[in-house]
Amino acid sequence: MKPEILRAADAMQLQSAGVRGYVHLYCGDGKGKTTAAVGLAIRAAGHDKKVLISRFLKNDDSGEVAVLKQIPQITVLPCRERFGFAFRMTEEERKRAAACYTGQFRETLRMAADGRFDILILDEIVAACQYALVAEEELLDFLENRPAFLEVVLTGRNPSEAMREKADYISEIRMERHPFSRGIAAREGIEY
C-alpha cells in the first residue's frame, strides 16, 4: 500500500473519531502574537503532538527559535534569506522576497498536508499576504481544503475579512503601551 493511501486512511480514521482541527488567528497591534503561537506549540508538544512552524518576514535570531529546535515534536523551517522590512524593500527585493516566501509557503503546505503534523503555525503569514509576498488566495484555499484534523495558527496584524471568516478562534492582542513609543529599541530575550 502506498504511503499516501495510509495517510489518507489515518486521516479518515481521525475524522471518523471526531478529531477536528480548527483555525486560530492571533492578530492585533500588541506584543505577543508569536508568543501565543509558541506557547500553543509547546503545550501541544507536551502532549506529544507534532508541530510545524513556518516563519515569514522574520529571521532565525529570535530566542524562541533555538529552544523550539531542541524539542523533538516541533519542526521549525529555517529562514532561507533575509530581506529586511517589507515596507523598505525595493521592487527588485520585493520580487525576490515574494519568490522566496511563496516557495517556503508551498513547501510548508506540502509538509503539513502529508499527515505528519497535528498543528501548523504560519507566523506572520498575515503580513506576508498584505505585502503580496504570498498570495492570500492560496492561503484561503489551503484553509478551506486542509486536512480536517490539522490545527492551523495564523499570526499578524490587520487580517483581511476573508481570513477572519476562516478562523474558529480570533484573539486580538491590543497595544495599550509599549516602550518602543518612548524610543526604546527591541530588547534581546524580550521582543526577540
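Up top is the structure these notes are about.
Note that this is a predicted model, so its numbers are computed, not measured. (Residues numbered from 1 in each chain as written. Predicted model: local features only at pLDDT ≥ 70, side-chain atom pairs only at ≥ 80, totals over all residues. Heavy atoms only, no water.)

Trainee: Would you explain the side chain of Thr155 in this entry?
Mentor: Its place among the elements puts Thr155 in strand E5 (residues 151–156). Thr155 gets classed as buried once you look at its relative accessible area, which sits at 0%. At 2.7 Å, the side chain of Thr155 and the backbone nitrogen of Glu124 are in polar contact. Filtering out sequence-adjacent residues up to four positions away, Thr155 remains in contact with Tyr26, Lys33, Thr34, Ala37, Leu122, Asp123, Glu124, Ile125 and Val126. (Helix = DSSP H or I, 4+ residues; strand = E, 2+ residues; numbered from the N terminus. Buried < 20%, exposed > 50% of the residue type's maximum accessible area, 1.4 Å probe, protein only. Polar contact = N/O pair within 3.5 Å; in protein donor to acceptor, adjacent residues only side chain to side chain. Contact = heavy atoms within 4.5 Å.)

Trainee: Please clarify how empty space enclosed by the protein should be interpreted in this entry.
Mentor: Over the atoms rolls a probe the size of a water molecule, and in doing so it shows where empty space is left. According to the stated counting rule, one finds 2 cavities of 30 Å³ or more in the structure shown. By volume, the largest cavity amounts to about 50 Å³. Taken together, Thr34, Ala37, Val38, Ile53, Arg55, Glu64, Val65, Leu68, Ile121 and Asp123 make up the full set of residues lining the largest cavity. At the level of secondary structure, the elements contributing two or more residues to the lining of the largest cavity comprise helix H2 (33–46), strand E2 (51–55), helix H3 (63–68) and strand E4 (119–123). The wall of the second largest cavity is formed by Arg55, Lys58, Cys79, Arg80, Glu81, Cys100, Tyr101 and Gln104. Class assignment for the residues of the lining of the second largest cavity results in 3 nonpolar, 1 polar and 4 charged. (1 Å grid on protein atoms, 1.4 Å probe; cavity = no way out; pocket = protein on both sides within 12 Å on 5 of 7 lines; lining within 4 Å. Points joined across faces, edges and corners; volume = space filled by probe spheres on them. Nonpolar A, V, L, I, M, F, W, Y, C, P; charged D, E, K, R; others polar.)

Trainee: Explain the pairing of strand E1 (residues 23–27) here, please?
Mentor: The buried fraction of E1 is high, at 5 of 5 residues. Across the two faces of E1 the burial is the same, with Val23, Leu25 and Cys27 and His24 and Tyr26 all buried. Looking at chain direction, E1 and E5 are connected through 5 bridges and run parallel. When the bridges of E5 are listed, Tyr26 appears paired with Thr155. Two strands pair when backbone bridges link them, and E1 and strand E6 (residues 169–172) are joined in this way by 4 bridges, in the parallel orientation. Counted as the bridge partner of Leu25 is Ile170 from E6. (Pairing = 2+ DSSP bridges.)

Trainee: Can you help me understand the pairing of E2 in this one?
Mentor: Burial runs high along E2: 5 of the 5 residues are buried. Alternating positions in E2 separate into two faces, Val51, Ile53 and Arg55 on one and Leu52 and Ser54 on the other, with burial throughout. Looking at chain direction, E2 and strand E3 (residues 74–76) are connected through 3 bridges and run parallel. Of the residues in E3, the one forming a bridge with Leu52 is Thr75. Handedness of the crossover joining E2 and E3 through H3: right-handed. Pairing geometry for E2 and E4, over 5 bridges, is parallel. Across the sheet, Leu52 pairs through a bridge with Leu120, a residue of E4. (Right-handed = clockwise from strand over helix to strand, strands pointing away.)

Trainee: Honestly, the packing of aromatic side chains in this entry has me stumped. Any pointers?
Mentor: Given two aromatic rings, their pairing is described by the distance between the two centres and the angle made by the two planes. Under the counting rule described, the total for this entry stands at 3 aromatic pairs. Counting every residue linked through ring pairs, the aromatic cluster contains Phe56, Tyr101 and Phe105. (Phe/Tyr/Trp six-rings, centres within 6.5 Å; stacked < 30°, edge-to-face > 60°.)

Trainee: Please explain the sheet that holds E4 as it appears in this structure.
Mentor: The strands that make up a sheet pair up through hydrogen bonds in the backbone, lying either parallel or antiparallel. Read from one edge to the other, the open sheet built from 6 strands follows the order E3-E2-E4-E5-E1-E6, with strand pairing classed as parallel. Of all the strands in the sheet, just E3 and E6 have a single pairing partner and so form its edges. When the angles between neighbouring strand axes are averaged without regard to direction, this sheet yields 15°. The strands touched by helix H6 (residues 136–145) within the sheet are E1, E4 and E5, with E5 carrying the most contacts at an inclination of about 155°. (Axes fitted to C-alpha atoms, helices over the stretch in contact; angles between N-to-C directions.)

Trainee: Mind showing me how you'd approach the nonpolar core here?
Mentor: One broad rule of soluble globular proteins: the nonpolar side chains tend to lie buried together. With 35 residues, the main nonpolar core has Leu122, Ile125, Leu139 and Leu154 as its most contacted residues. The element best represented in this core is helix H4 (residues 91–113), accounting for 8 residues. If we skip the residues at most four places from it in the chain, Leu154 touches Val23, His24, Leu25, Tyr26, Leu122, Ile125, Leu139 and Leu143. Formed by 17 residues, the second largest nonpolar core is a distinct cluster that contains Leu68, Val76, Ile119 and Val153. (Core = buried A, V, L, I, M, F, W, Y, C linked by side-chain atoms within 4.5 Å.)

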